[in-house]
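Below are the chains, spelled out letter by letter.
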Amino acid sequence: MANDEKGDTATVYIRVMKELFARHSAEKVDEFEWSRSEIKEICEALGVREPKNLGDNIYSIRHGREALPEEILKLAKPRHWLLLPNGKGKYKFVKAKNGPFAPDTTLRAIKVPNSTPQIVERYALGDEQAVLARIRYNRLIDLFLGIAAFPLQSHLRTTVEHFARSQIETDELYVGVDKCGIQYVIPVQAKGRDEIIGAVQAIQDIYCCRERFPHLVCKAIAAQTIDISKTGSGTDVYTIALMELAIDAGSAYDVSKVQERHFKLVEHTEITSADLDEYKKQS
């Protein structure tokens, strides 16, 4: 076994990614396409073994769970690299203005009576599913967007022409209507406290909705549990951040945060007269 193969996986990963970017002159271009077969070629050229978890690495990079080496990040600054699907076993790195989105810690949370059934709270499986359930039972999409919204499908898997018919998955899809009769399609990505809200999933959701629902207004939502506290009786109190993300006009992949609100799910007795008076002032 070559010495490089005995080194840790992180070192091999960095060398392989640096070579991939060098082959495509990444410092001179705004985007480039590549395939998984190139990774095998690079590993052979470097004399290292192809990573066993390559698919996991790619998935983690796409969704912001794994960072690119610093040497590569510098090639895009002040912009960010995004990894998008581009067909079966094919991908595309693009430079975009925004990477991960973080909730605004200066926002005051709005108290909402918690309507989540206790039995759902008890048996909720995983952070993502728990967030989606709390959003659904408390009608947070309706409150956030000011429309009547209805869950259409969870974990929608479909192909998107814009990404060369690559398969994507949307955590949850809503449809809605406002008082003027305008209809909406609302893809929601849900994250737990320790997860990252990435631009890539919003981009995929938006292009999917543009193709599948061309006559509806798309409102892409990112939701994240940002705090879990307890009442005096020991009941968990969840604060959920909702952000609306949109692709900038005239851009293919630049994403901006349109609006953001935080909702704190509490027992009705926790909402005081002072809270209600404060909300009236803000309306």
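Located above this text is the structure these notes cover.
Residues numbered from 1 in each chain as written. Predicted model: local features only at pLDDT ≥ 70, side-chain atom pairs only at ≥ 80, totals over all residues. Heavy atoms only, no water.

(A) The overall build of the protein chain, seen in detail. A count of helical and extended segments in the protein chain gives ten helices and eleven strands. In terms of principal-axis extent, the alpha carbons of the protein chain reach across some 70 × 45 × 35 Å. Looking at the protein chain as a whole, 43% of its 283 residues qualify as buried. By sequence separation, contacts in the protein chain at least 24 residues apart represent 60% of the contacts at least 6 residues apart. Of the roughly 15000 Å² that the protein chain leaves accessible, carbon and sulfur atoms contribute 49%. (Helix = DSSP H or I, 4+ residues; strand = E, 2+ residues; numbered from the N terminus. Buried < 20%, exposed > 50% of the residue type's maximum accessible area, 1.4 Å probe, protein only. Contact = heavy atoms within 4.5 Å. Areas by Shrake-Rupley, 256 points an atom, 1.4 Å probe, with all protein chains shown as cover.)

(B) Spotlight on the nonpolar core. Core analysis: the largest hydrophobic core is formed by 27 residues, its most contacted members being I203 and L245. At the level of elements, β2 (80-85), β3 (90-96), β5 (148-160), β6 (166-177), α9 (199-212), β9 (220-230) and β10 (236-247) are the ones that each hand at least two residues to this core. For this core, the element with the highest residue contribution is α9, accounting for eight residues. Among the nonpolar cores identified, the runner-up in size contains 22 residues, and V16, M17, V48 and I72 belong to it. (Core = buried A, V, L, I, M, F, W, Y, C linked by side-chain atoms within 4.5 Å.)

(C) Expanded view of the side chain of Q204. If you trace the backbone, Q204 turns up in helix α9. According to the relative accessible area criterion, Q204 is buried, its value standing at 2%. Other than its neighbours up to four places away in sequence, Q204 contacts R62, H63, P85, F163 and I168.

(D) Layout of the sheet that holds strand β1 (residues 31-35). Reading across the sheet, the three strands line up as β1-β3-β2 and stay open at both edges, with antiparallel pairing between neighbours. Pairing within the sheet leaves two strands with one partner each, and these edge strands are β1 and β2. Within this sheet the neighbouring strands show an average axis-to-axis angle of 25 degrees, counted without direction. Looking at chain direction, β2 and β3 are connected through six bridges and run antiparallel. When the sheet's bridge partners are listed, W81 is paired in β3 with K95. (Pairing = 2+ DSSP bridges. Axes fitted to C-alpha atoms, helices over the stretch in contact; angles between N-to-C directions.)

(E) A look at the pattern of salt bridges. This model, assessed by the stated rule, comprises 18 salt bridges. Taking the shortest distance from any N to any O, the salt bridge between K280 and D277 comes out at 3.7 Å. Of this pair, K280 and D277 are both found in helix α10 (residues 273-282), three residues apart, which corresponds to roughly one turn of the helix. The class for D277 is partly exposed, based on a relative accessible area of 40%. Taken together, the salt bridges that share partners define one network made up of E19, R23 and E41. (Salt bridge = Lys/Arg side-chain N within 4 Å of Asp/Glu carboxyl O.)

(F) A look at unusual backbone geometry. Here the amide bond leading from K77 into P78 is cis, since omega sits at 10 degrees, within 30 degrees of zero. Along the polypeptide, P78 turns up in the loop between α5 (70-73) and β2. With phi around 55 degrees, R139 is a residue other than glycine that occupies positive phi space. In this fold, R139 is placed in the loop between α7 (127-137) and α8 (140-145). A relative accessible area of 42% means that R139 is categorised as partly exposed. Phi angles above zero are rare outside glycine, and H155 is one such case at about 50 degrees.

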